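A structural walkthrough
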Amino acid sequence: MFITPGDLGDNKYLEKSERYVTAKGLGYSYKLPENSVCLVCIGSTIGKIGITTKEACTNQQINTIIPNADNSGEFFYYMMLYRSTHFKEIAGINATPQINKSGLSKYKLLRPTSFIEQSEIAELMAKTDKDITNKKSKINTLFRLKKSLMQNLLSGKVRVDLSKIENVITDEAV
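Reference entry: report on the structure contained in this document. Given the structure is predicted, the values throughout are model-derived calculations rather than measurements.

With that out of the way, let us pick up helix H2 (residues 73–82). With eight of 10 residues buried, H2 lies mostly within the body of the structure. One side-chain oxygen at the N-terminal end of H2 lies 3.3 Å from the backbone nitrogen of Glu 74; it belongs to Ser 72.

Here is the structure:
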C-alpha cells in the first residue's frame, strides 16, 4: 500500500489504499511494518490517523510512529487520536500548516511504561469504539425503518386500523 492523507481518518485500520507501489517502488521507499501508526502532519487534514495492517509506505505528508516491542501500536493510535486537535494547534496558521518530522520527534507522549497496561487501555478504548459503532448501526437501522414506515403510511400504501392503535395506546397508558 502507498498511504496518502486520503486513506486516513475513516477507519482505524489501514487495510487498503487508493494507490499501491510495486516491489521495485517499495525498494525506493521506507518500508513501514504492520502496526505502524500513521499521522497526517501537513495541510488541512493534520491529525488524521490510522494503523497499518501490513507492510506499507507513505507519501511525505505523513509521519509514522513505529512502536518497538515494549510499546503498543494500538495505545499510540489512541494517544495520537486524543492529541490530534493539539497537533492542529501547534502546526500554526501558515498557508500550509505543518508539523515536520523533527518537531514531531521532540513531542513527548506520557504513557505507561508497561506494555500490558498500554494494551489494556487500548483494549478498553477499542471495546468502546465497537460499542459506539454498534449503537450507530442500530440508530441507522431505526432511521431507515422510520423512513420506510413514513413512506408507506403517509402515502396511503399501507392502511392502519386506528381503533387498534387507540386501544394499544390506551392500554399502555393505564
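With that settled, the discussion passes to the sheet that holds strand E2 (residues 13–14). Consider a sheet: its strands pair through backbone hydrogen bonds, and that pairing is either parallel or antiparallel. If you walk across this open sheet you meet the four strands as E2-E4-E3-E6, and the pairing is mixed. Edge strands, defined here as strands with exactly one partner in the open sheet, are E2 and strand E6 (62–65). Inspection of the sheet shows strand E3 (residues 37–40) paired to E6 by four bridges, in the antiparallel sense. Along E6, the bridge assignment pairs Leu 39 with Asn 63. Packed on one face of the sheet, H2 meets E2, E3, strand E4 (49–52) and E6 and runs near 170 degrees to E4.

Another point: the packing of aromatic side chains. Applying the stated criterion to the full structure yields two aromatic pairs. With centroids separated by 6.2 Å and ring planes inclined at 70 degrees, the aromatic side chains of Phe 75 and Phe 76 adopt a geometry described as edge-to-face. A ring pair is formed by Tyr 77 and Tyr 78, whose centres lie 5.0 Å apart and whose planes are at 85 degrees; its orientation type is edge-to-face. Like Tyr 77, the residue Tyr 78 is buried in the burial classification.

Here the focus is the side chain of Thr 52. The topology assignment puts Thr 52 in strand E4. Within the structure, the side chain of Thr 52 is placed 2.8 Å from the backbone oxygen of Pro 33, a separation counted as a polar contact. With sequence-adjacent residues up to four places away left out, Thr 52 is seen in contact with Ile 3, Leu 14, Pro 33, Glu 34, Asn 35, Ser 36 and Cys 38.

Here we take up the pattern of salt bridges. According to the stated counting rule, one finds two salt bridges in the structure shown. The closest approach of N and O atoms between Lys 12 and Glu 74, which form a salt bridge, is 2.6 Å. Separated by 62 residues along the polypeptide, Lys 12 in the loop between strand E1 (2–3) and E2 and Glu 74 in helix H2 bring together distant segments of the chain. Accessibility classification places Lys 12 together with Glu 74 in one group, the buried group. With a closest N to O distance of 3.3 Å, Asp 131 and Lys 127 form a salt bridge. Taken together, the residues span about one helical turn, with Asp 131 and Lys 127 both in helix H5 (residues 115–154) at a distance of four residues. The exposure class assigned to Asp 131 is partly exposed, which follows from its relative accessible area of 37%.

Further remarks concern the environment of Ile 49. By the element assignment, Ile 49 lies in strand E4. A relative accessible area of 4% means that Ile 49 is categorised as buried. Distance in space between the C-alpha atoms of Ile 49 and Asp 7 is 9.1 Å, their sequence separation being 42 residues. The contact partners of Ile 49, leaving out residues within four places of it in the chain, are Leu 8, Gly 9, Asn 11, Val 37, Cys 38, Leu 39, Tyr 77, Met 80 and Leu 81.

Here we come to the nonpolar core. Counting 19 residues, the largest nonpolar core has Val 37, Leu 39, Met 80, Phe 87, Ile 99 and Leu 104 as the members making the most contacts within it. Within the residue set of this core, elements represented by two or more residues are E3, E4 and H2. Per-element accounting of this core gives the leading share, six residues, to H2. Discounting residues that sit within four places of it in the chain, Met 80 has contacts with Val 37, Leu 39, Ile 49, Ile 65, Phe 87, Leu 104 and Leu 109. With nine residues, the next largest nonpolar core counts Met 1, Leu 8, Leu 32 and Ile 62 among its residues.

Rules and cut-offs
- Residues numbered from 1 in each chain as written.
- Predicted model: local features only at pLDDT ≥ 70, side-chain atom pairs only at ≥ 80, totals over all residues.
- Heavy atoms only, no water.
- Buried < 20%, exposed > 50% of the residue type's maximum accessible area, 1.4 Å probe, protein only.
- Helix = DSSP H or I, 4+ residues; strand = E, 2+ residues; numbered from the N terminus.
- Polar contact = N/O pair within 3.5 Å; in protein donor to acceptor, adjacent residues only side chain to side chain.
- Pairing = 2+ DSSP bridges.
- Contact = heavy atoms within 4.5 Å.
- Axes fitted to C-alpha atoms, helices over the stretch in contact; angles between N-to-C directions.
- Phe/Tyr/Trp six-rings, centres within 6.5 Å; stacked < 30°, edge-to-face > 60°.
- Salt bridge = Lys/Arg side-chain N within 4 Å of Asp/Glu carboxyl O.
- Core = buried A, V, L, I, M, F, W, Y, C linked by side-chain atoms within 4.5 Å.

By themselves, these observations are geometric and do not establish any function.
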